[in-house]
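Spelled out from the first residue to the last, the chains are:
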Amino acid sequence: MSTRFDRIVEDNAWCPGCGNFSILAHLKEALDEMGLDPLQSVVVSGIGQAAKTPQYMSVHMFNGLHGRALPLAQGVKVANPSLTVIAEGGDGDMYGEGGNHFISAIRRNADIINIVHNNMVYGLTKGQASPTSQRGFKTPVQTEGVHVEPFNPIATAISLDASLVIRTFSGNKEHCKAMLKIAIEHKGYVLIDIFQPCITFNKTNTFKWFRDNVYELPESYDPTDKVNAFGKALESHPFSIGVLYKSPSKATLEDILRKESRMDARPLFSHQVDFHALSDEMDKYI
Amino acid sequence: MKDSVSVLIGGSAGQGIASIETLLTKGFKRAGFYTFSTKEFMSRIRGGSNTTLIRISKRPVNAPVFGVDIFVPLDTDSYYHAKARIGQETFLIAKKGDFECDCTLYDHDLPALAKSIGSPIVSNTIAAALVFGLLGCDVGILKEIVTELYQDEILEMNLKALDIGAALAENNGQCRYCIEPNLSDSAANDLFLSGTEGVGFGSIAGGCNFISSYPMSPSTGVLTFLAKQSKNFGICVEQAEDEIAAFQMGLGVWYSGGRAITTTSGGGFALMGEGVSLSGITETPMVVYLAQRPGPATGLPTRSEQGDLELSIYSGHGEFPRIVLAPGDPRECFDLARRAFELADMYQVPVIILSDQYLADSYFHTEQFTINPEQPAQHIIKTDADYKRYSLSDNGISPRGVPGYGEGLVLVDSDEHTQEGLITESMSVRNEQNGKRLKKIELISEEAIVPEAEGEGEIIVLGWGSTKHIIQEAVERVGDERVSVIHFSWVHPLSESQLAPLREGKQIVVVENNATGQFAKLLRIHGIAIHAQILKSDGLPFFADELSEQLASALKEIR
């Protein structure tokens, strides 16, 4: 299916059959079907295989440094609130190298969509443990198996009262696309953690493993019940997918900063220096 | 009659040294004196031993001195802390028996006097009035100032304290340290600015509309200054979770069309290294205010050093252009901070404003100046559909578009990239893009500020950044006609136009507030011979009197 977000790519760095291909396709379709304009959409990414996603789309891109997509994306959004801003990367990028930024981005609540490709392994550096690798997972570095507790991004995000917390699975196209649309529609910070197999370096958490270990939340599930959502976030094997948590409505970073400094919603590049006020202010220092 | 007088107030944090500083500097300025103040303090919230030095003169004074004419220790510790600065001529205001010194004691128990009118806290106000009176100034001026600063009971208590202090001064009889004020009263109309305020105002003039920082002494002053001004000038202010994020947010803002600054000191700037490098390859402008303090690591957190010149020039992996500016006083802080935004935008490079604790925290008389009311030049272009962010150009500058303005996509990549901005491993494209970025250095060098030599002597005394006026006064004190002074405020990249005057066979003495002579090393890289170096790295700035002695003996060696 062709979309307005397609880019002709001659050389794709992903392994054939990688889960990244489906996430890329779902994302482009979701953006297209929601009528978004590529010229008003920015994807900020870090480093890793997942972080290459915007290279293969027709969209504004800032492909920055490992772990740093979130602070950069918040800057982009604050400078121009009319843009749709996505911060995208893998589990190592967002939860490992960028862990501190992940926590702070949730707390700030800029209106950005944080897409995390979660394959429970490091791909680009060739198969070491990631923050979400399960205990006992053997790698060339963790030769006796991972001996640390896996990072739980969903529980972390709920504990910080993230505006919207979603988990989905790249192998479930309908679900993944629907969840991406909900994420894009939402005003405020959204975590959308997408389970995704790494066919080269993760022989444990395979496509079949994910398929067997996820289940969709029932329609009766109430994502606004925080305590219940937190309990759900702690469950594993199987893992629930869907909108796990939705916080009470809250102001976004870009709105708060403008309100605090009495600025209107225009992009920062249209703001002018008030030299009269500057002279007056400096006169107070005589 | 002396030409200038130095007053040292000592005490622990929380004793109100800052209030005396405000009161006396405002007071002396209104009385028609040129005034300068600087402070040194320990890394404590409360307690410790801190001093503020105030100099007053008929002529402009813009540098600290070591020797103290009048010393008011508000506690015993501060007396011992500053003991080396007291000489036989020093007038010590203290209670007899509290200290033993070979100086002139003016015996008064200020805390007891303060207590007698209700609160020991106002002993600093009594001290202020006493010092003010000893210098022949009218206490009415101080009353006017406290009336502006305080209200109700606090005002009343301070007014009483001023009367007590003024009476003590009167009873002293002799006007031992009276100096003539400047009758032309031009001093009273000057701005009285710190380096911090200079950078803050300059940033506003440069169009700064976003700041994100992680607090770190001695840079935090600019962060709080811009936060205070954010409503007046429309500046988004966000405290970052760390310096890494602070820099990245700033880059995001510039990418999206805003004008951002981040503020930090050496330790924080070390964390920003990867961001500086990212700014370099993505050609995203960025402005950093780096206020130096002595390292390595935590070093002396509240003190001063010019130890991070090399860090500012070499931080960040890879090879790419950047600009480092080192202002020498608040006026230069204003001009260079404003220019930093323009340079960053124009050349799409990181620009570092390199200051230090001494300059940040010192207050200087600054002549009023007219601010050029021209809006920042618009370097952002409206993109068309086939826009390429990194298009090749003769001068290395590719027109910069921003998302949402025009018909093109703005692709920016930390990987080596094509003209379009997409990842590539093509060696030929690498050479093209790397060459394009590095070519900008030629253009940037043409912008370099060429320092004006003061004097025509065959010995050049050379400094950079915050030492500007200290060196000037030290050279004046030495009075050696063979000497000319050169001050660099643009320290990277150095251009031949700046260096040529140093290649005329003159003897060069470099003065730096660091241990290894980092600027002298830079000059040597450019083939400049250095004859002598005067270095200081104990955590304090140079003092004009101390430096003049060091200079005199260095000059003796040169025949």
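A. Layout of the overall build of chain A. In terms of helices and strands, chain A carries 10 helices and 8 strands. Counting only C-alpha atoms, chain A reaches 70 × 50 × 40 Å along its principal axes. The burial tally for chain A puts 52% of its 286 residues in the buried class. Pairs at least 24 residues apart make up 69% of the contacts formed inside chain A by residues separated by at least 6 positions.

B. Seen up close, the overall build of chain B. For chain B, the helix and strand inventory stands at 19 helices and 20 strands. Taken over C-alpha atoms, the radius of gyration comes to 26 Å for chain B, in line with the 24 Å a tight globule of 559 residues would show. Counting the 559 residues in chain B, one finds 57% classified as buried. Sequence-distant contacts in chain B: of pairs separated by 6 or more residues, those separated by 24 or more amount to 73%.

C. Focus on the sheet that holds strand E12 (residues 323–325) of chain B. All names here are of chain B. Here we have 7 strands laid out as an open sheet, ordered E9-E8-E10-E11-E13-E12-E18, and mixed in their pairing. The sheet terminates laterally at strand E9 (236–239) and strand E18 (490–492), the two strands that pair on one side only. Neighbour to neighbour, the strand axes of the sheet diverge by 20° on average, direction disregarded. Here E12 runs beside strand E13 (residues 350–356); their pairing, made up of 3 bridges, is parallel. Note that in E13 the partner of leucine 325 across the bridge is isoleucine 353.

D. Inspection of the nonpolar core at higher detail. Counting 234 residues, the largest nonpolar core has Ala129(B), Val131(B), Ile353(B) and Val461(B) as its most contacted members. Beyond its immediate chain neighbours, meaning those up to four positions away, Val131(B) contacts Val7(B), Leu24(B), Ile70(B) and Val72(B).

E. The arrangement of helix H8 (residues 220–233) of chain B in detail. Residue and element names in this part refer to chain B. Compared with an ideal rise of 1.5 Å per residue, which puts 14 residues at 20 Å, H8 spans 19 Å between its outermost C-alpha atoms and is within 8% of the ideal. Of all the bends in H8, the greatest measures close to 30° and is centred on alanine 227. Residue glycine 234 follows H8 closely and has a positive phi angle near 70°.

F. Structural view of the packing of helix H7 (residues 195–205) of chain B against H8(B). Residues and elements named next belong to chain B. Contact geometry of H7 with H8 gives a least axis separation of 9 Å together with a crossing angle of 40°. Relative to H8, the element H7 lies oblique. Handedness of the H7/H8 crossing: right-handed. Across the interface between the two elements, Thr196, Glu197, Val199, Gly200, Ser203 and Ile204 of H7 pack against Gly221, Val222, Phe225, Leu226, Gln229 and Phe233 of H8. In terms of residue class, the contact of H7 with H8 is built from 6 nonpolar, 5 polar and 1 charged.

G. How the structure looks around the interface of chain A and chain B. At the junction of the two partners, chain A supplies 48 residues and chain B supplies 56 residues. Listed by contribution, the elements that provide at least two residues to the side of chain A that touches chain B are strand E2 (60–63), helix H2 (69–79), helix H4 (99–108), helix H9 (253–260) and helix H10 (275–283) of chain A. Per-element tally for the side of chain A that touches chain B: the top contributor is H2(A), with 8 residues. Among the residues forming the side of chain A that touches chain B, the class breakdown is 26 nonpolar, 17 polar and 5 charged. Relative to strand E15 (residues 411–413) of chain B, E2(A) runs parallel, the two being bridged by 3 bridges.

H. Inspection of the domain arrangement of chain B at higher detail. Split into domains, chain B comes out as domain 1 (4–189), domain 2 (192–366), domain 3 (380–447) and domain 4 (459–557). Here the C-alpha centroids of domain 1 of chain B and domain 3 of chain B sit 58 Å apart.

I. Structural detail: the sheet that holds strand E16 (residues 459–464) of chain B. Residues and elements named next belong to chain B. Pairing is parallel across the open sheet formed by 4 strands, whose spatial order is E17-E16-E19-E20. One side of each edge strand has no neighbouring strand; the edge strands of this open sheet are strand E17 (483–488) and strand E20 (532–535). Sheet twist, expressed as the average angle between the axes of neighbouring strands with direction ignored, equals 20°. Sheet topology note: the E16/strand E19 (residues 507–512) ladder contains 4 bridges and is parallel. Bridge pairing links isoleucine 459 to glutamine 507 in E19. Contacts between helix H16 (residues 468–478) and the sheet are confined to E16, E17 and E19, with E17 contributing the most and set at about 175° to the helix.

J. Expanded view of unusual backbone geometry. Residue and element names in this part refer to chain B. Proline 218 follows serine 217 through a cis peptide bond whose omega is 0°. Mapped onto the fold, proline 218 is located in the loop between strand E8 (210–213) and H8. The omega angle of the peptide bond from glycine 295 to proline 296 is -5°, so this bond is cis rather than trans. Inspection of the secondary structure assignment puts proline 296 in the loop between strand E11 (286–292) and helix H12 (309–314). Of note, the phi angle at alanine 297 is positive, near 50°, even though the residue is not glycine. Residue position: alanine 297 is located in the loop between E11 and H12.

K. Local environment of the environment of Lys77(A). All names here are of chain A. Within the secondary structure, lysine 77 sits in helix H2. With 26 C-beta atoms counted inside 10 Å, the residue lysine 77 sits in the buried group. Considering only alpha carbons, one finds lysine 77 and proline 267, 190 residues apart in sequence, at a separation of 9.3 Å. Here lysine 77 is in contact with Leu83, Val85, Ala110, Asp111, Ile112 and Glu254, once residues within four sequence places are set aside.

L. Fine view of the packing of H2(A) against helix H9 (residues 243–255) of chain B. Orientation of H2(A) relative to H9(B), taken along the N-to-C sense of each, is 40°, at an axis distance of 7 Å. Put simply, H2(A) runs oblique to H9(B). Judged by the twist between their axes, the crossing of H2(A) over H9(B) is right-handed. The residues of H9(B) that touch H2(A), namely those facing Pro71(A), Leu72(A), Ala73(A), Gln74(A), Gly75(A), Val76(A), Val78(A) and Ala79(A), are Ala245(B), Gln248(B), Met249(B), Gly250(B), Leu251(B), Gly252(B), Val253(B) and Tyr255(B).

M. Quick peek at the environment of Ile211(B). Residues and elements named next belong to chain B. Position of isoleucine 211 relative to the elements: it lies in strand E8. Exposure remark for isoleucine 211: the 30 C-beta atoms within 10 Å place this residue in the buried category. Each C-alpha atom, one on isoleucine 211 and one on isoleucine 508, is 40 Å from the other, the two residues being 297 residues apart in sequence. Those residues within four positions of isoleucine 211 in sequence are excluded, and the remaining contacts are Leu223, Leu226, Ile235, Val237, Ala260, Ile261 and Thr262.

Parameters at a glance
- Residues numbered from 1 in each chain as written.
- Chains lettered and ligands numbered in written order.
- Predicted model: local features only at pLDDT ≥ 70, side-chain atom pairs only at ≥ 80, totals over all residues.
- Helix = DSSP H or I, 4+ residues; strand = E, 2+ residues; numbered from the N terminus.
- Buried ≥ 20, exposed ≤ 12 C-beta atoms within 10 Å, placed from the backbone.
- Contact = placed C-beta atoms within 7 Å.
- Rg over C-alpha atoms; globule rule 2.2 N^0.38 Å.
- Pairing = 2+ DSSP bridges.
- Axes fitted to C-alpha atoms, helices over the stretch in contact; angles between N-to-C directions.
- Core = buried A, V, L, I, M, F, W, Y, C linked by C-beta atoms within 7 Å.
- Expected span 1.5 Å × (residues − 1).
- Bend = angle between axes of the 7 residues up to and from the residue.
- Parallel < 35°, antiparallel > 145°, perpendicular 65-115°, else oblique.
- Left-handed = near helix turned anticlockwise from the far one by under 90°.
- Nonpolar A, V, L, I, M, F, W, Y, C, P; charged D, E, K, R; others polar.
- Domains from an automatic or database assignment.

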